[in-house]
Amino acid sequence: MNETEDFSEKLGEADLSDPQIHIPAELPVLPLRDIVIYPFMIVPLFVSRDKSIKAVDEALGKSRMIMLVSQQDVDKEEPTQVDLYTVGTVAVIMRMLKLPDGRIRILIQGLSRARIDSVSAGSDYVKANITPISEPFTPTGSLEVEALVRNVRGSMERAANLGKNISPEVLAIIANLDDAGRLADLSASNLELKVEHAQSVLDIFDPVKRLRRVNDLLSKEIDVLTVQQEINTQARGEIDRSQREYFLRQQLKAIQAELGEGNELFEEIEQYRDKILKVKMPQHAEEEALRQLKKLERMHPDTAETATLRNWLDIMTELPWSNASKDNLNLKKAERILDEDHYGLERVKERMVEALAVRKLKKKPKGSILCLVGPPGVGKTSLGRSVARALNRKFMRLSLGGLHDEAEIRGHRRTYVGAMPGRILQAIQQAGTNNPLIMLDEIDKVGADFRGDPSSALLEVLDPEQNSSFRDNYLGVTFDLSNVMFMTTANVLDTIQPALRDRMEIIFLSGYTEEEKLEIAKRHLLPKQIEENGLEKGDIKFDRKALMQIISQYTQEAGLRHLEREIGKVCRKVARQKAELEEGFKPIRITPQNVKDFLRVPRIFPEEALKKDEIGIATGLAWTAVGGDILFIEAIKTRGKGKLTLTGQLGEVMQESAQAAFSFAKARADELDINEDDFEKYDIHVHLPEGAIPKDGPSAGITMATAIVSVLSQRPIKKDVAMTGEITLRGNVLPVGGVKEKLLAARRAHIKTVILPAPNKRDLEDLPQEVLHDLTFIFVENVREVFREALRERKLPVEKAKARAAKPSNNQI
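What you see is a predicted model, and the numbers here were worked out from it, not measured in a lab.

(A) Spotlight on the overall build of the protein. If you tally the helices and strands in the protein, you get 28 helices and 24 strands. For the protein, the C-alpha radius of gyration of 49 Å lies well beyond 28 Å, the compact-globule estimate for 813 residues. Each principal axis of the C-alpha distribution contributes one length, and for the protein these read about 160 × 90 × 65 Å. Taken over 813 residues, the protein has a buried fraction of 47%. A separation of at least 24 residues holds for 73% of the contacts in the protein among residues at least 6 apart in sequence.

(B) Quick peek at the packing of helix α9 (residues 283-298) against helix α10 (residues 304-318). Running from amino to carboxyl end, α9 crosses α10 at an angle of 150°, the nearest separation of the two axes being 10 Å. The pairing of α9 with α10 is recorded here as roughly antiparallel in orientation. Taken as a pair, α9 and α10 cross one another with a handedness that is left-handed. Here A285, E288, A289, Q292, L293, K295 and L296 of α9 lie close against α10, whose contacting residues are E305, T306, L309, W312, L313 and M316.

(C) Up close: the pattern of salt bridges. If you walk through the whole model with that rule in mind, you get 40 salt bridges. Taking the shortest distance from any N to any O, the salt bridge between R393 and D327 comes out at 2.9 Å. One end of the pair, R393, is in the loop between α13 (380-391) and β8 (395-399); the other, D327, is in the loop between α10 and α11 (331-341), with 66 residues separating them in the sequence. Given the relative accessible area of 8%, R393 is considered buried. The shortest N-O distance in the salt bridge between E671 and R668 comes to 3.8 Å. E671 sits in the partly exposed class, given a relative accessible area of 47%. Overall, R668 belongs to the partly exposed group, its relative accessible area being 26%. Shared partners join several salt bridges into a network, and the residues in it are R113, E135, D185 and R210.

(D) How the structure looks around the nonpolar core. Counting residues in each nonpolar core, the largest one holds 68 residues, and the members touching the most others are M67, V90, I106, I108 and I130. The contact partners of V90, leaving out residues within four places of it in the chain, are I23, L27, M65, I66, M67, Q109, G110, L111, S112, A114 and I130. Grouped together as the second largest cluster of nonpolar side chains are 53 residues, Y272, L309, A419 and V484 included.

(E) Looking closely at the side chain of S657. Tracing the backbone through its elements, the reader meets S657 in helix α22 (residues 652-667). If sequence neighbours within four positions are ignored, S657 has contacts with G697, P698, G701, M704 and I727.

(F) Structural context of the sheet that holds strand β13 (residues 504-508). The five strands lie next to each other as β8-β9-β12-β7-β13, forming an open sheet whose pairing is parallel. Strand pairing shows two members of the sheet lacking a second neighbour, β8 and β13, which therefore form its edges. Each strand of the sheet is rotated relative to its neighbour by a mean of 25°, with strand direction disregarded. Here β8 pairs with strand β9 (residues 437-441) via five bridges, running parallel. Each residue of the ladder has a partner; that of F395, found in β9, is L437.

(G) Spotlight on the confidence of the model for the protein. Mean pLDDT for the protein: 84, with 92% of residues reaching 70 or above. Residue range residues 807-813 is modelled with pLDDT below 50. Its contacts to residues more than four positions away, or to other chains, number zero contacts.

(H) Region of interest: helix α19 (residues 544-553). Along α19, the residues that are buried comprise A546, L547, Q549, I550 and I551. Those residues of α19 hidden inside the fold are in contact with α18 (514-532), β14 (540-542), α20 (561-581), β15 (588-590) and α21 (595-599).

(I) Focus on the environment of Q250. Its location among the elements puts Q250 in helix α7 (residues 207-259). For the pair Q250 and P39, spaced 211 residues apart in sequence, the C-alpha to C-alpha distance is 60 Å.

(J) Fine view of a negative patch on the surface. Judged by side-chain charge, E335, E346, E350 and E354 come together as a negatively charged surface patch. It is helix α12 (residues 346-361) that contributes the most residues to the negative patch, three residues altogether. Along the chain, the position of E350 falls in helix α12.

(K) Looking closely at the environment of I751. Among the structural elements, I751 can be located in the loop between α25 (739-748) and β23 (753-757). The spatial distance from the C-alpha of I751 to the C-alpha of L775 is 7.4 Å, given a sequence separation of 24 residues.

(L) Spotlight on the pairing of strand β5 (residues 104-121). Sheet topology places strand β2 (residues 42-47) next to β5; six bridges connect them, and they run antiparallel. Across the sheet, the residue bridging to F46 is R105, located in β5. Pairing of strand β4 (residues 87-98) with β5 involves eleven bridges; the strand directions are antiparallel. Along β5, the bridge assignment pairs T89 with R113. Hairpin connection, β4 to β5: the antiparallel pair is bridged by five residues, and G102 has positive phi, about 95°. As paired strands, β5 and strand β6 (residues 126-133) are joined by eight bridges and run antiparallel to one another.

What counts as what
- Residues numbered from 1 in each chain as written.
- Predicted model: local features only at pLDDT ≥ 70, side-chain atom pairs only at ≥ 80, totals over all residues.
- Heavy atoms only, no water.
- Helix = DSSP H or I, 4+ residues; strand = E, 2+ residues; numbered from the N terminus.
- Rg over C-alpha atoms; globule rule 2.2 N^0.38 Å.
- Buried < 20%, exposed > 50% of the residue type's maximum accessible area, 1.4 Å probe, protein only.
- Contact = heavy atoms within 4.5 Å.
- Axes fitted to C-alpha atoms, helices over the stretch in contact; angles between N-to-C directions.
- Parallel < 35°, antiparallel > 145°, perpendicular 65-115°, else oblique.
- Left-handed = near helix turned anticlockwise from the far one by under 90°.
- Salt bridge = Lys/Arg side-chain N within 4 Å of Asp/Glu carboxyl O.
- Core = buried A, V, L, I, M, F, W, Y, C linked by side-chain atoms within 4.5 Å.
- Pairing = 2+ DSSP bridges.
- pLDDT = per-residue confidence, 0-100.
- Patch = residues over 30% accessible without salt bridge, like charges linked within 9 Å, V, L, I, M, F, W, Y side chains within 5 Å.
- Areas by Shrake-Rupley, 256 points an atom, 1.4 Å probe, with all protein chains shown as cover.
- Lys, Arg positive; Asp, Glu negative; His and termini not counted.
- Charge placed at Lys NZ, Arg CZ, Asp CG, Glu CD.

Listed below in structure tokens is the structure:
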């Protein structure tokens, strides 16, 4: 027979609320863990603590009554008064059973609430002085009580419908129970409340307030059960859909097997599905990939579109959607790597370390796009490779030279035969990470034609505000490029689209000095060429002077490519000797005397300063794509009618500068000691040698003015003075560009003094110290200062000199 049913029958015989039942003022205490007992509850309990077992024995030996109190701290083995709640339930022990493991099992029934006045912890068990609390009278006919009773009944039934474990017998008792207090206790006992919430119901003596509290707890429980049921329903729906798909796939597999076309395609589709889920695409990309995969499932494996769709899925699953390399944020290490790979280029290295510092402080900065501008061979591309190594990123180089088709950047649409993604996504796919360093080489040589303008497509790629959602035409979904670090290179800025140039931070790389070339050759070029040509370190030695001779007499460039080729040529000749002689080979030393044996006669004849002061020949400075150079501007006067002739393949800007210089000389003839009649009697011919080379730009303005004034005033020009600057009709000297390259050319030509526009004084900050040491600089604001520094006094015959000395000046009174 069930114990609960047995005692329920006994309960029917005795009314526990009978006032004749006497509750002693002192009872043994049984501390409870994780449970609160209410009056009229019948509950089995397992007792294992020694003091608790003795308290039960004490109760059974007297009135069978015991005080049940919940512990506040369930981990406390021997609780004191502070560890127990103040309100508990007096219960009667209805049955006791001893178990083989030493525990006892008791069946109790709650009688009444009671308040603990004091607790005395004896040596055997805990006992307490208590005050029983009688149940207050519940008002009859109250609308509030009636409403609360109905609410609680309905809520309990709804909780049961939502999955709460409430037996039908309890629901039947609740449906017929009108007493507010007992309804509250019975409902609370079946809600599986937390101890503190259940105790809060036990602490309330007023039946109406108690029922109101239970109603609130029931409302919260129903909210939780509702959400729980929604989650279960959703999960069950997912399971049902998965099972349905599984059965359909099994049927499809069987049908395809009957048709003889199933196994391979099914396995391939499952592989694609696994890959799609494994690469962790963004949600929109994953949905599109799965949609296209379902389309592939329905296709015949031999159709042309199937191959196109396979290629698309291959690229989608190979792209590194979530795979990123970890940046090296050690600034010292990055700086050391940059110094190892490149000599000089301090500004660029400093900018790279700054970018790394920002990345260290901010997890995902929106950095600027760096554009390295400089002549060929100065190390722009190799610098990008070095930066990638310093950052611990993959390096991918894209050459944009001669690019005409916009689809090379954005990709081709899948409708075209042979369609593929753009070069940007191809580079990311090859890198295997979504944060490589991509070097866009030769961005100044991008073209445009009827197929579109690649420069306009690059606007989105190189804009940090837009490239987080870059859409490739082939993929049809967006790809986040904000993690990619872009760098670009160019030789000139003029051909770059203005909007594209505005998105990039320009860093200018100038040509190297001879000393820098020598140092780079010793550190990098020599070891590289010795290794590439199969030589050992001791097989060949270069003297310092021999290297300088190769630099000055066999190369003429701002960079190092030609120098590397010349060193490689020497190494190949030594390698041939070693291969022919074998055992009899002896190490070879390259000296200035035997350089010609390896490289033959020098091919470069650098322009040098004039040997003597001459009339009508001025030394100018020019910027070229391969660095700087000096040029001589020659002027003569011939019988004529005052016409200005310009030769030497001069551009429009240069011709206008010559015309401005000539007009200035005409306007200031008296001041410049020029006979005004000469402008009517003589023609002026200005010529720039090396006529096969086009020349343009305003920076030769003061040089042409000096040559014209020199030939008209018959004043010689100092042989060791070079100059650069733009001239205006008023004689002002305006600043020019390419100062570093021009000054390096002046130093190579053994010029001693250089005349520069005053605003260009700031450009000297970036010059190497050896250049500042070897050159004297004169800064001018007006062309009169140029004439004063560059022209010598005219040598007059003795008679004219005496006459001029005797002639009073304008200042005399």
